[in-house]
Amino acid sequence: MFERKTVEMSKLLDIRNLSVHFKMNSGLVRAVDDVSFSVGRGETVALVGESGCGKSVTSLAVMRLLPQPPAVYAGGSITLYDDNGAPTDLLSLPEDNMRSVRGDRVAMIFQEPMTSLNPVFTVGDQISEAVRLHQDISKSKALDRAAEMLELVGIPEPRRRLGNYPHEMSGGMRQRVMIAMALSCTPDLIIADEPTTALDVTIQAQILELMADLQKELGMAVLFITHDLGVVAEIADRVIVMYAGQVVEDSDAVTVLKHPRHPYTMGLLQSIPRADAMRSLATRLSTIEGTVPDAARLPDGCLFHPRCRYRDDSVCIPQKPLLENMTESHAVRCLRLDAVREEREAHA
């Protein structure tokens, strides 16, 4: 079995001023625009936002899995630190060296296992292949490791299951296989791109509990990408909220969920249905007006201002807000923080 790693909250991944653009026929799409955040060792960071806000592009940029073209790394850096604190700039790393990072030091769990697993190979072959790519061991030893991984993620009769093809397993079991594959080389960082979206709520709860238990046992960090704030409340140490390719709020989970300061974060939280508020059929769900802007035709000034109920066109259109620290651990990108604070104080 694997030895438990010592969990230290030293910096593991550091993303600074990352910009990723796509050259399309419709124009230049700024999918990720000047994004900065870090992930500490053993930390669970949730990357939150609506579809199209840049969450998945950010994660694929870390793995260097974006096809070039049409993707262009327009600026910034992605730095991965080893156990001794030595940095590696992933964006400048040669592709051969990057292959040794993927799956070994950083692994990814994709959203839909049926499209991520190869249907013509057994799950044992696929997990053992990932092991042999990074470790100099025999095929039989790699299959032993694959069986160990399947047992670790709670799949019964793991040795027999090595011979199963993906279509012979349920959705929840396929997702467990994806987790087993990601964990097979005990990476320092797991990137989970909405790994429970395609699962029913019972299996989702089991997968989340499994990931939390494995994180405690192995001491890995997790970058969890989701739009489900209920999941965030369960698993996250820190929350980073993205909108239209930018980070708009970054703080610990308790602060973001209980004391949000950006109007977009507040809108997301208010739109969650509450059982106590839905007893009357006349009660309407709270919504955020409008839609996420076209990334090829972004509005001037604050990107959220067309949808913001606190907007002041004389302030929000002429200038672009910066991500500024409200406290040492809480950063917000908003020009109308005074108006937000005044309303909160009035309703306190």
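Every chain is numbered independently, its residues counted from 1 as its sequence is written. The model is predicted, so local features are restricted to residues of pLDDT at least 70 and side-chain atom pairs to those at 80 or more, both for listing and for counting; the totals for chains, interfaces and linings are taken over all residues. Side-chain metrics rest on all non-hydrogen atoms present in the structure, leaving aside hydrogens and water.

Draft legend 1. Here's a closer look at the packing of helix H4 (residues 123-134) against helix H7 (residues 171-183). Axis geometry follows a simple rule: fit a line to the C-alpha atoms, using only the stretch in contact for helices, then measure angles between N-to-C directions, giving values from 0 to 180 degrees. Under the DSSP-based scheme used, a helix requires at least four consecutive residues in state H or I and a strand at least two consecutive residues in state E, with every element numbered from the N terminus. Running from N to C, H4 and H7 cross one another at 20°; their axes reach a closest spacing of 8 Å. One way to sum up the angle between H4 and H7 is to call them roughly parallel. The interaxial crossing formed by H4 with H7 has right-handed handedness. Contacts between H4 and H7 involve Val123, Gln126, Ile127 and Ala130 from the former and Val177, Ala180 and Met181 from the latter. Residue composition of the contact of H4 with H7, grouped by class: 6 nonpolar, 1 polar and no charged. For classification purposes, an angle smaller than 35 degrees is called roughly parallel, one larger than 145 roughly antiparallel, one from 65 to 115 roughly perpendicular, and anything else oblique. Note on convention: near helix rotated counterclockwise from far helix by under a right angle means a left-handed crossing. Clockwise means right-handed. Contacts are assigned to residue pairs with any non-hydrogen atoms lying within 4.5 Å of each other. Here the term charged refers only to Asp, Glu, Lys and Arg, the term nonpolar to Ala, Val, Leu, Ile, Met, Phe, Trp, Tyr, Cys and Pro, and the term polar to all other amino acids, Gly among them.

Draft legend 2. Inspection of the nonpolar core at higher detail. Buried residues of nine kinds, namely Ala, Val, Leu, Ile, Met, Phe, Trp, Tyr and Cys, make up a nonpolar core once their side-chain atoms join them within 4.5 Å. For the exposure calls, accessible area comes from a 1.4 Å probe over protein chains only, and a residue counts as buried if that area is under 20% of its type's maximum, exposed if over 50%, partly exposed in between. Counting 38 residues, the largest nonpolar core has Val20, Leu189 and Ile191 as the members making the most contacts within it. Apart from residues lying up to four places away in sequence, Leu189 is in contact with Leu12, Leu13, Val39, Arg105, Val106, Ala107, Ala221, Val222 and Leu223. If you look at the next biggest cluster of nonpolar residues, it comprises 36 residues, including Ile127, Ile155, Ala182 and Ile190.

Draft legend 3. Structural context of the packing of aromatic side chains. When two rings of Phe, Tyr or Trp (its six-membered ring) have centres within 6.5 Å they constitute a pair, described as stacked for plane angles under 30 degrees, edge-to-face for angles over 60, and tilted for the intermediate range. For the structure shown, the criterion picks out 3 aromatic pairs. Consider the rings of Tyr243 and Tyr264, whose centres lie 4.7 Å apart with planes at 55°: the pair is tilted. Of this pair, Tyr243 sits in strand E9 (residues 238-243) while Tyr264 sits in helix H11 (residues 263-270), placing them 21 residues apart in sequence. Taken as a pair, Tyr243 and Tyr264 share a single burial class, namely buried. Ring plane angle 65° and centroid distance 5.4 Å describe the contact between Tyr264 and Phe304, whose orientation is recorded as edge-to-face. With Tyr264 in helix H11 and Phe304 in the loop between H11 and helix H12 (313-316), the pair connects residues that are 40 residues apart, well separated along the chain. Side by side, Tyr264 and Phe304 carry an identical accessibility label, which is buried.

Draft legend 4. Main features of the environment of Leu298. Tracing the backbone through its elements, the reader meets Leu298 in the loop between H11 and H12. According to the relative accessible area criterion, Leu298 is partly exposed, its value standing at 24%. Placed 46 residues apart in sequence, Leu298 and Asp252 show a C-alpha to C-alpha distance of 29 Å.

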